[in-house]
Amino acid sequence: MERKHIIFYSGGIGSYFTARRVVKKEGKENVILLFTDTKMEDEDLYRFIDETSKKLGARLVKLADGRTPWDVAKDVRFLPNSRIAQCSHLLKQKMANTWIKDNFKPEDCILYLGIDWTEEHRRSAPVKNYLPYEVRFPMCEEPYLTKPQMLDILEKEDYIRRPRLYTKGFAHNNCGGFCFRAGIGHFKNLLEKNRKLYLFHENKEQEMRAYLGKDVSILRRTRNGEKINLTLKDLRLELESGKQLDFYELIDVGGCGCFLS
């Protein structure tokens with residue numbers, strides 16, 4: 001049996017270009033695009049994965065636990081943050097791992113992640129955690145491409161419209177522009193680009209605080225060396241009052257890497 005080449009297909013530009021390289025090298029008939037749905041994705045993500053899978057000619061497998069990240073937070077009685085996010089484990093990693101182990105032995109497949117050469121430091125964890133399965137990172141190899149370059153090639157050479165979250169300044173095309181692992185700068189952009197969605201998540205966070213009966217928050221900021229909780233409501237009120245974020249908060253978009261930890 002030919003080894004199968006399984007791409008963790010997130011809907012991001014990195015995973016598409018990973019699949020693009022693997023299909024070119026291994027053949028479309030040997031490639032599987034594995035998408036795990038958080039049920040909280042941007043509507044345009046589904047358009048993107050359908051169009052790109054047809055372009056690649058590879059098999060697209062869609063999995064779903066059925067819960068959203070907020071459902072998971074309530075079930076595990078924990079408000080996720082940039083350090084701990086059980087939704088990543090339960091809605092992404094566990095779903096994908098179960099499917100892979102049910103269908104392939106380690107010697108029958110190779111797994112691929114879409115991190116690129118700017119994220120070399122993120123390679124060691126998945127290599128260790130997916131043992132005895134082999135994990136590869138094609139976008140960490142030459143020719144090195146940046147995300148803007150990938151997005152330009154997507155439109156100018158592959159004739160596929162870029163996911164709309166990228167056009168709105170988001171670094172990732174995941175969870176509809178929301179992510180528990182995101183940073184302060186990311187949420188500032190969400191408030192500016194989609195206030196309705198920001199308020200939805202703000203209210204969800206307040207509901208979780210009441211449900212848990214604890215002073216917890218998704219975000220934290222550092223002041224005089226001390227970590228301080230920062231709720232989405234507090235951040236919104238600050239921004240609406242005209243208060244400016246410091247430089248490091250502005251560039252803090254966080255890291256969405258659900259298959260990496």
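Up top you'll find the structure we're talking about.
Just so you know, these numbers come straight off a predicted model, no measurement behind them.

Calculation criteria
Residues numbered from 1 in each chain as written. Predicted model: local features only at pLDDT ≥ 70, side-chain atom pairs only at ≥ 80, totals over all residues. Heavy atoms only, no water. Buried < 20%, exposed > 50% of the residue type's maximum accessible area, 1.4 Å probe, protein only. Helix = DSSP H or I, 4+ residues; strand = E, 2+ residues; numbered from the N terminus. Arc of directions from axis to C-beta. Contact = heavy atoms within 4.5 Å. Pairing = 2+ DSSP bridges. Axes fitted to C-alpha atoms, helices over the stretch in contact; angles between N-to-C directions. Polar contact = N/O pair within 3.5 Å; in protein donor to acceptor, adjacent residues only side chain to side chain. Disulfide = S-S within 2.5 Å.

**Quick word on helix α10 (residues 232–240)**
Now for step 1: Along α10, the residues classified as buried are Leu232, Leu235, Arg236, Glu238 and Leu239. All buried residues of α10 fall inside an arc of 160 degrees around its axis, so they share one side.
Now for step 2: In this fold, the buried residues of α10 make contact with α8 (184–193), α9 (195–212), β6 (219–223) and β7 (226–230).
Now for step 3: Looking one or two residues past α10, glycine 242 carries a phi angle of roughly 95 degrees, positive in sign.

**What about the sheet that holds strand β3 (residues 59–64)?**
Now for step 1: Reading across from one edge, β3-β2-β1-β4-β5 is the order of the 5 strands in this open sheet, with parallel pairing throughout. Each of the sheet's edge strands pairs with one partner strand only, and the pair in question is β3 and β5 (134–136). Neighbour-to-neighbour, the strand axes of this sheet turn through a mean angle of 30 degrees, independent of strand direction.
Now for step 2: Inspection of the sheet shows strand β1 (residues 4–8) paired to strand β2 (residues 31–37) by 4 bridges, in the parallel sense. What sits directly across from histidine 5, in β2, is valine 31.
Now for step 3: Helix α1 (residues 13–26) contacts β1, β2 and β4 (109–112) of the sheet and is inclined by roughly 170 degrees relative to β1.
Now for step 4: Docked against the sheet, helix α2 (residues 43–56) engages β2 and β3, running at close to 175 degrees with respect to β2.

**Observations regarding the environment of tyrosine 211**
Now for step 1: For tyrosine 211, the location among the structural elements is in helix α9.
Now for step 2: When the C-alpha atoms of tyrosine 211 and arginine 77 are compared, they prove to be 8.3 Å apart, with 134 residues separating the residues in sequence.
Now for step 3: At 3.1 Å, the side chain of tyrosine 211 and the side chain of arginine 77 are in polar contact.

**Brief notes about the state of the cysteines**
Now for step 1: Evaluation of the coordinates by the stated rule reveals 0 disulfides.
Now for step 2: Of all cysteine sulfurs, the one in cysteine 140 lies closest to cysteine 109, which takes part in no disulfide; the gap is 19 Å.
Now for step 3: Judged by its relative accessible area of 0%, cysteine 109 is buried.
Now for step 4: With no disulfide of its own, cysteine 175 lies 5.9 Å from the sulfur of cysteine 179, the closest cysteine sulfur.

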